[in-house]
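So the chains spell out like this:
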Amino acid sequence: MTTSEPLASKPAEPDRSRLFWAAAAVIVGLQILLGLIAFPPGLRIGPIPAVAAVTILSGVVVLGASLTGLFLAASRSWTAGRAALWLAGGIAVQAGSVLALGFLKPAGPVVVLLQGAAQGGLLVWCAGLGALIALLFRDRNLIVP
């Protein structure tokens, strides 16, 4: 049985966490764009209604951007303070947006902007929570699914 070299002694990968913000921007931008576009009811893309095609495509893009963003955020060198800041900031943005939607009852583009902000906040606090959980593990060779 051989023992592998600990992860801490391997060369560090480049910090790609800035691309996290690009993934978050894709999610927020798509949320805003889809909230402002209206499709005529009879519009079809081939045999598929346009609304159904766009819904499926946007779902794939949002899921892909979310997973990519979280993967990129994980490449960052995290500290407990930074992770807690991301967690608190993301919760504040998401909760603030949801509360503003519920209590202020805005109309028009403001609704779409608040929904986009809530989606961005969700991604940020998920990254912060994931980093905090990862920092709790003492065994750095453990791969968490």
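Residues numbered from 1 in each chain as written. Predicted model: local features only at pLDDT ≥ 70, side-chain atom pairs only at ≥ 80, totals over all residues. Heavy atoms only, no water.

Quick word on the overall build of the protein
Right, on to step 1. The helix and strand tally for the protein stands at four helices and two strands.
Right, on to step 2. Listing every helix and strand of the protein by position from the N terminus yields α-β-β-α-α-α.
Right, on to step 3. For the protein, with 145 residues in total, the buried portion stands at 22%.
Right, on to step 4. Contacts spanning at least 24 positions in sequence make up 78% of the contacts within the protein whose residues lie at least 6 apart.
Right, on to step 5. As displayed, the protein offers around 9700 Å² of accessible surface, 73% of which is attributable to carbon and sulfur atoms. (Helix = DSSP H or I, 4+ residues; strand = E, 2+ residues; numbered from the N terminus. Buried < 20%, exposed > 50% of the residue type's maximum accessible area, 1.4 Å probe, protein only. Contact = heavy atoms within 4.5 Å. Areas by Shrake-Rupley, 256 points an atom, 1.4 Å probe, with all protein chains shown as cover.)

Considerations on helix 2 (residues 50-74)
Right, on to step 1. Given a rise of 1.5 Å per residue, 25 residues ought to cover 36 Å, and the 36 Å separating the end C-alpha atoms of helix 2 matches this to within 8%.
Right, on to step 2. Buried within helix 2 we find Ala-50, Ser-58, Ala-65, Ser-66, Gly-69, Leu-72 and Ala-73.
Right, on to step 3. As for helix 2, its buried residues are in contact with helix 1 (18-36), strand 1 (44-45), strand 2 (48-49), helix 3 (80-104) and helix 4 (109-136). (Expected span 1.5 Å × (residues − 1).)

Here's the deal with the packing of aromatic side chains
Right, on to step 1. Overall, the coordinates contain four aromatic pairs when judged by the stated rule.
Right, on to step 2. An angle of 45° between the planes, with centres 5.1 Å apart, marks the rings of Phe-20 and Trp-86 as tilted. Here Phe-20, found in helix 1, pairs with Trp-86, found in helix 3; they are 66 residues apart in sequence, far enough to count as distant. Grouping residues by exposure puts Phe-20 and Trp-86 together as buried. (Phe/Tyr/Trp six-rings, centres within 6.5 Å; stacked < 30°, edge-to-face > 60°.)

Digging into the nonpolar core
Right, on to step 1. Counting twelve residues, the largest nonpolar core consists of Phe-20, Ala-24, Ile-27, Ala-65, Ala-73, Trp-78, Ala-83, Trp-86, Leu-123, Val-124, Ala-127 and Ala-131.
Right, on to step 2. Put simply, the parts of the chain that give this core at least two residues each are helix 1, helix 2, helix 3 and helix 4.
Right, on to step 3. The element contributing the most residues to this core is helix 4, with four residues.
Right, on to step 4. Leaving out residues up to four positions away in the same chain, Ile-27 has contacts with Val-62, Ala-65, Ser-66, Gln-119 and Leu-123. (Core = buried A, V, L, I, M, F, W, Y, C linked by side-chain atoms within 4.5 Å.)

Description of the packing of helix 2 against helix 4
Right, on to step 1. It is at 10 Å that the axes of helix 2 and helix 4 come closest, and there the two elements cross at 40°. Judged on the interaxial angle alone, helix 4 and helix 2 are oblique. Viewed along their axes, helix 2 and helix 4 form a crossing whose handedness is right-handed. For the pair helix 2 and helix 4, the contacting residues are Ser-66, Leu-70 and Ala-73 in the first and Leu-123, Cys-126 and Ala-127 in the second.
Right, on to step 2. Here the contact of helix 2 with helix 4 is composed, by residue class, of five nonpolar, one polar and no charged. (Axes fitted to C-alpha atoms, helices over the stretch in contact; angles between N-to-C directions. Parallel < 35°, antiparallel > 145°, perpendicular 65-115°, else oblique. Left-handed = near helix turned anticlockwise from the far one by under 90°. Nonpolar A, V, L, I, M, F, W, Y, C, P; charged D, E, K, R; others polar.)

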